[in-house]
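# Inside the fold
Each chain, letter by letter, is given below.
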Amino acid sequence: MQEKFNDIKNRLKEELSSVASVRLLSDIKVKYVGKSGEVTSLLRGMKDIAPEMRSSFGKMVNDLKEEVSALIAVKEAELKEKELLEKYEKERVDITLPGKSEKAGNIHPLNIVKNQILDAFCGMGFEIFEGPEIDTDYYCFQALNIPKDHPARDMQDTFYFTDNILLRPHTSPGQVRTMESKQPPIKILSPGRVYRADDDASHSPMFHQIEGLVVDKGVSLCDLKGLLDEFVRIMFDSDTKTRFRPSFFPFTEPSVEVDVTCCKCHGKGCSLCKGTGWIEILGAGIVNKNVLEMSGIDSNVYSGLAFGLGIERITMIKYGISDIRTLFENNVKFLKQFNRR
Ligand code: DAH
């Protein structure tokens, strides 16, 4: 019997010495100590053993089973360790390699500047109101104190669909629509696309404006100046100065144009500012009483200030862009230069 036991052990050891994986080892385990494995089957021979020998035989088989299981367990631990190391090696990551960065899109420069402008004014309590791009003659002109056939219409080369329906040439109709729907205090911005029959390095047939309107009791030119000075302080370098020049718009009286010191030469005079040291950034003024009255606001009680600026113009000044068309060509190389700031 001892011989048989030794034979089993020797064969097992031999098999263990050449087994190469945990999976193959489990076959060996089944072969020896599984339900019908060689060692387990020895117990089935118990009936042929003399009764007085049975207990010592049982003990011997159990000892053998323990020994065999221990040998298998040692091998199993060894193989598992080896397989784990192989797995680590195979899945090794070189963390010193440069990463693959995803290509992220950019916010368009016009949207960067638009968001900065909206943020600047919303921080001062303005709300946003968007009007329609196709509008009527009344909202675009008449309600803004520009009657039919008035020469002031020449200021905007308008695209007409019919005598009455047109592509809005400015965002100023946003003033009228707001005043019609809301009583003061009013403090709104009206951003959006506008259209004019104009096409050269500094004009595009489609461009973007933001109209601002404040209507309340006692609104004055001082409020307009304070508001726009603060806006310029937020949008441009801290040493930028503002200048208010008298101007004319039919919807404001008095009217002004606002200039800032040239951001390229800081006021000394260069090609960007055509030697003047100043660059015009927007038109503004105190809302004409006729405009307030036409929209149902009592001009004896309330007064208003308004301003209108072109987003392309501010973007071109801020980034030193000389041709407006580059903003609409969608040349990725050009657009990539602008980050989110
Ligand atoms: N609507 C004018 C334009 O398109 C801009 C403007 C000027 C708006 C003065 C205003 C303003 O509200 O007061 O050129």
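Our subject in this report is the structure included herewith. Throughout this document, residue positions are counted from 1 along each chain, in the order its sequence is written. Two thresholds apply to this predicted model, a pLDDT of at least 70 for residue-level local features and 80 or more for giving and counting side-chain atom pairs, whereas whole-chain, interface and lining totals are computed over all residues. The basis for the side-chain values is all heavy atoms of the structure; hydrogens and waters are excluded.

## Brief notes about the site of the ligand
Selection rule: Being near a molecule or strand, for a residue, comes down to having at least one heavy atom within 4 Å of it. Definition of a polar contact: a pair of N or O atoms within 3.5 Å, with one able to donate and the other able to accept a hydrogen when the atoms are protein atoms, and with sequence-neighbouring residues admitted only if both atoms are side-chain atoms. Here the accessible surface of atoms and residues is derived via Shrake-Rupley with a 1.4 Å probe, and residues count as covered only by protein chains that are part of the display. In this description a helix means any DSSP run of H or I spanning at least four residues, a strand means any run of E spanning at least two, and both kinds are numbered starting from the N terminus. Each residue gets one of three labels, nonpolar for Ala, Val, Leu, Ile, Met, Phe, Trp, Tyr, Cys and Pro, charged for Asp, Glu, Lys and Arg, and polar for the others, Gly among them.
In the region of the ligand, 16 residues are neighbours, and His170, Ser172, Arg196, Gln209 and Glu211 sit closest. With respect to the ligand, the side chain of His170 contributes an N or O atom lying 3.0 Å from a nitrogen atom. A distance of 2.9 Å is found between a nitrogen atom of the ligand and a side-chain nitrogen or oxygen belonging to Ser172. Contact with the protein chains covers 91% of the free accessible surface of the ligand, which is 360 Å². Mapped onto the shell around the ligand, the elements with two or more residues apiece are β5 (206-216), β8 (278-287) and β9 (303-310). Tallied by class, the residues present in the shell around the ligand amount to five nonpolar, nine polar and two charged.

## Topic: the sheet that holds strand β1 (residues 127-128)
By definition, the strands of a sheet pair up through backbone hydrogen bonds, in either a parallel or an antiparallel sense. As a reminder, the rule being used: The criterion for strand pairing is that DSSP finds at least two bridges linking the strands in question. In this analysis, two residues are considered to be in contact whenever any of their non-hydrogen atoms come within 4.5 Å of each other. Structural elements are reduced to axes, namely lines fitted to C-alpha atoms, with helices fitted over the stretch in contact, and the angle between N-to-C directions of any two is expressed from 0 to 180 degrees.
The strand order across the open sheet built from seven strands is β1-β4-β5-β9-β8-β7-β6, with neighbouring strands paired in mixed fashion. Single-partner strands in this sheet number two, and they are β1 and β6 (242-249). Two elements, β6 and strand β7 (residues 252-261), share seven bridges in a ladder whose sense is antiparallel. Within β7, the position partnered with Phe244 by the bridge is Val258. Packed on one face of the sheet, helix α7 (residues 173-181) meets β4 (186-195), β5, β8 and β9 and runs near 140 degrees to β4. Relative to β8, helix α10 (residues 311-319) is tilted by about 150 degrees, and along the sheet it contacts β5, β8 and β9.

## As for the nonpolar core
Test applied: Nine residue types can take part in a nonpolar core, namely buried Ala, Val, Leu, Ile, Met, Phe, Trp, Tyr and Cys, and a core is a set of them joined through side-chain atoms within 4.5 Å. Only protein chains enter the accessibility calculation, which uses a 1.4 Å probe. A residue is then buried if its area is under 20% of the maximum for its type, exposed if over 50%, and partly exposed in between.
By size, the foremost hydrophobic cluster in this structure holds 45 residues, and its most contacted members are Phe121, Phe231, Ile281, Leu282 and Phe307. Among the elements of the structure, α5 (109-122), β5, α8 (221-235), β7, β8, β9, α10 and α11 (332-335) are those that each provide at least two residues to this core. Looking at this core element by element, the count peaks at seven residues for α5. Listed in part, the 22 residues of the second largest apolar core include Cys140, Phe141, Val215 and Phe249.

## Quick word on α8
Within an α-helix, residues lying three or four positions from one another point in the same direction, as the helix has 3.6 residues per turn. Here is the rule we go by: What a helix is expected to span follows from its residue count: subtract one and scale by 1.5 Å.
Taking 1.5 Å as the rise per residue, α8 with 15 residues should run 21 Å; its terminal C-alpha atoms sit 21 Å apart, in good agreement. Between the side-chain oxygen of the N-cap and the backbone nitrogen of Cys222 there are 3.2 Å, and the N-cap of α8 in question is Ser220.

## Points about the pattern of salt bridges
Condition: Every case where a carboxyl oxygen of Asp or Glu lies within 4 Å of a side-chain nitrogen of Lys or Arg is listed as a salt bridge.
Under the criterion given, the structure shown has 20 salt bridges. Notably, a salt bridge pairs Glu133 with Arg193, separated by 3.3 Å at the nearest N-O pair. Here Arg193 lies in strand β4 and Glu133 lies in the loop between β1 and β2 (134-136), a separation of 60 residues in the sequence. Take Glu133: its relative accessible area is 26%, and that puts it in the partly exposed class. Through salt bridges with shared partners, one network takes in Arg243, Arg245, Glu257 and Asp259.

## Comments concerning the environment of Cys265
Among the structural elements, Cys265 can be located in the loop between β7 and β8. Those residues in contact with Cys265 that lie beyond four places of it in its chain are Cys270, Cys273 and Gly277.

Structural measurements only, silent on function.
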